[in-house]
Amino acid sequence: MVHERLCGIAVLALLGLWGCAETAPIGTSTAAVATPAPAAADEDRMALHVFDCGRIRLPTVTDFGLEDTQTKVRELFVPCYLIRHPDGDLLWDAGLPPAYAEADGWVADAGAEHRLVAPISAQLRTVELAPGDIEFVAFSHFHYDHVGDANAFAGAEMLVQRAEYEVAFGDSPGVAFFLPELYSALADGPRRLLDGEFDVFGDGRVRIIPAPGHTPGHQVLLVDLPETGKVLLSGDLWHFFASRELGAVPNFNTDGAQTLASMQKIEALIVREGAELWLQHSLAFHEELDLAPYAYR
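Residues numbered from 1 in each chain as written. Predicted model: local features only at pLDDT ≥ 70, side-chain atom pairs only at ≥ 80, totals over all residues. Heavy atoms only, no water.

Student: For this particular structure, what's the right way to read helix H5 (residues 256-273)?
Tutor: Helical periodicity: at 3.6 residues per turn, an α-helix aligns residues three or four positions apart in one direction. With 18 residues, H5 ought to run about 26 Å at 1.5 Å a step, and its terminal C-alpha atoms sit 26 Å apart, in line with that. Where H5 is concerned, the buried positions are Thr259, Ser262, Met263, Ile266, Leu269, Ile270 and Glu273. For H5, the buried positions fall inside an angular range of 130° around the axis, keeping them on one side. For H5, the exposed residues lying more than 90 degrees away from the buried face are Ala257, Gln264, Val271 and Arg272. (Helix = DSSP H or I, 4+ residues; strand = E, 2+ residues; numbered from the N terminus. Expected span 1.5 Å × (residues − 1). Buried < 20%, exposed > 50% of the residue type's maximum accessible area, 1.4 Å probe, protein only. Arc of directions from axis to C-beta.)

Student: Help me understand the nonpolar core, please; the structure alone is not making it clear to me.
Tutor: In a soluble, globular protein the nonpolar side chains are often hidden away together inside. With 48 residues, the main nonpolar core has Phe51, Ile120, Leu124, Phe139 and Phe142 as its most contacted residues. Among the secondary structure elements, those contributing two or more residues to this core are strand S2 (47-57), strand S3 (75-85), strand S8 (157-161) and helix H3 (162-168). The leading source of residues in this core is S3, at 4 residues. Filtering out sequence-adjacent residues up to four positions away, Leu124 remains in contact with Phe51, Leu82, Leu129, Ala130, Pro131, Ile134 and Phe153. Core analysis: the next-biggest nonpolar cluster, separate from the first, contains 40 residues, Ala138, Leu194, Ala211 and Leu279 among them. (Core = buried A, V, L, I, M, F, W, Y, C linked by side-chain atoms within 4.5 Å. Contact = heavy atoms within 4.5 Å.)

Student: How should the side chain of Arg74 be read in this particular structure?
Tutor: Along the polypeptide, Arg74 turns up in the loop between S2 and S3. Among the polar contacts made by the side chain of Arg74, one reaches the main-chain carbonyl oxygen of Asp68 at a distance of 3.1 Å. A polar contact of 2.8 Å, which involves the side chain of Arg74, links it to the backbone oxygen of Thr71. (Polar contact = N/O pair within 3.5 Å; in protein donor to acceptor, adjacent residues only side chain to side chain.)

Student: Honestly, the environment of Val137 in this entry has me stumped. Any pointers?
Tutor: Mapped onto the fold, Val137 is located in strand S7 (residues 136-138). Owing to a relative accessible area of 0%, Val137 belongs among the buried residues under this scheme. Considered as a pair, Val137 and Ala94 are 43 residues apart in the sequence and their alpha carbons are 8.8 Å apart. For Val137, the contacting residues outside a window of four places in its chain are Leu90, Leu91, Phe153, Ala156, Glu157, Met158 and Leu159.

Student: Please explain the side chain of His218 as it appears in this structure.
Tutor: Along the chain, His218 turns up in the loop between strand S11 (206-210) and strand S12 (219-225). Assessed through its relative accessible area of 1%, His218 is described here as buried.

Student: For this particular structure, what's the right way to read the sheet that holds S12?
Tutor: Adjacent strands of a sheet pair through backbone hydrogen bonds, lying either parallel or antiparallel. Taken together, the 5 strands give an open sheet; going across it, the order is S10-S11-S12-S13-S14, and neighbouring strands pair in mixed fashion. What marks the edges here is a single partner per strand, and that holds for strand S10 (198-199) and strand S14 (276-278). Bridging between S10 and S11 involves 2 bridges; their strand directions are antiparallel. Counterpart to Phe198 in the pairing with S11 is Ile208. Against the sheet, H5 contacts S11, S12, strand S13 (229-233) and S14, and its axis sits at roughly 155° relative to S11. (Pairing = 2+ DSSP bridges. Axes fitted to C-alpha atoms, helices over the stretch in contact; angles between N-to-C directions.)

Student: How should unusual backbone geometry be read in this particular structure?
Tutor: Outside of glycine, negative phi angles account for most residues, and trans bonds account for most peptide bonds. In this structure, Pro293 follows Ala292 across a cis peptide bond, with omega equal to 15°. With respect to the helices, strands and loops of the structure, Pro293 is situated in the segment after helix H6 (283-286). With a phi close to 75°, Asp93 is a non-glycine residue in the positive phi region. You can see Asp93 is positioned in the loop between strand S4 (88-92) and strand S5 (107-109).

Student: What's the story with the pairing of S8 in this structure? I'm lost.
Tutor: Regular strands have side chains that alternate between both faces of the sheet. Burial analysis of S8 places 4 of its 5 residues in the buried class, which makes it a mostly covered element. Where S7 lies against S8, 2 bridges are found, and the strand directions are parallel. Its bridge partner being in S8, Val137 is matched across the sheet by Met158. Once you follow S8 into H3 and on to strand S9 (residues 191-194), the crossover reads as right-handed. (Right-handed = clockwise from strand over helix to strand, strands pointing away.)

What follows is the structure, given as structure tokens:
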């Protein structure tokens, strides 16, 4: 069972928080409005689908470099995103491990609670796809709440920073919350090792940006949608809006100084690109979004 590999409350720390909704700070744009769309992307158009890939409740946020008084949030949203492009489909993050979906309701595990209704491999049916239809898979990083259903996508080309790959697939992963059994099927699958920014489809519309520090090869995703505009999928660069406001660094990050440098880099990127930050673990933010099969264009 997953809990046998997790370490106390800190395990959920990496995941986020649950409880009261967290309000976006002044200056943070509100979530875009979704428009109904057919499952398949048009030949010359893009689409982004949002999936609910789990929830996590925490009793405290102190492992995130925050005081419990600095945010009331104790609930984490765990998303998966599907980016549909004329040249292929990219899955960004794979949610909580499917084992959590075997329980009815919340699962108490390692000092926190998890809930998963269905893994992303099953939810793809809502957009008339199966795991084998996905050409590319990329994870913001390899913590268990981002690669939970990764093994279902062993046939897709994995896009991963070399630093992350070397740790995740090394003889003995030395990073907390890396559970190799969740992604072992990808070890011998197609992959592209990245040493920096990568333009997934070669047209500037889907760009992987390295933002290390949370893990050795943590990365974020910049998506330029024709109608919605540019959105930045944050990975775990920030877990809360309070983390962003205060520059808080979780105590389980692999490199604190590197984390702060990545935060500054991505803040500048957001301004330069005119992008909207989609804070991946914010439940309040994602409650304003429409889930698949709705599409952001």
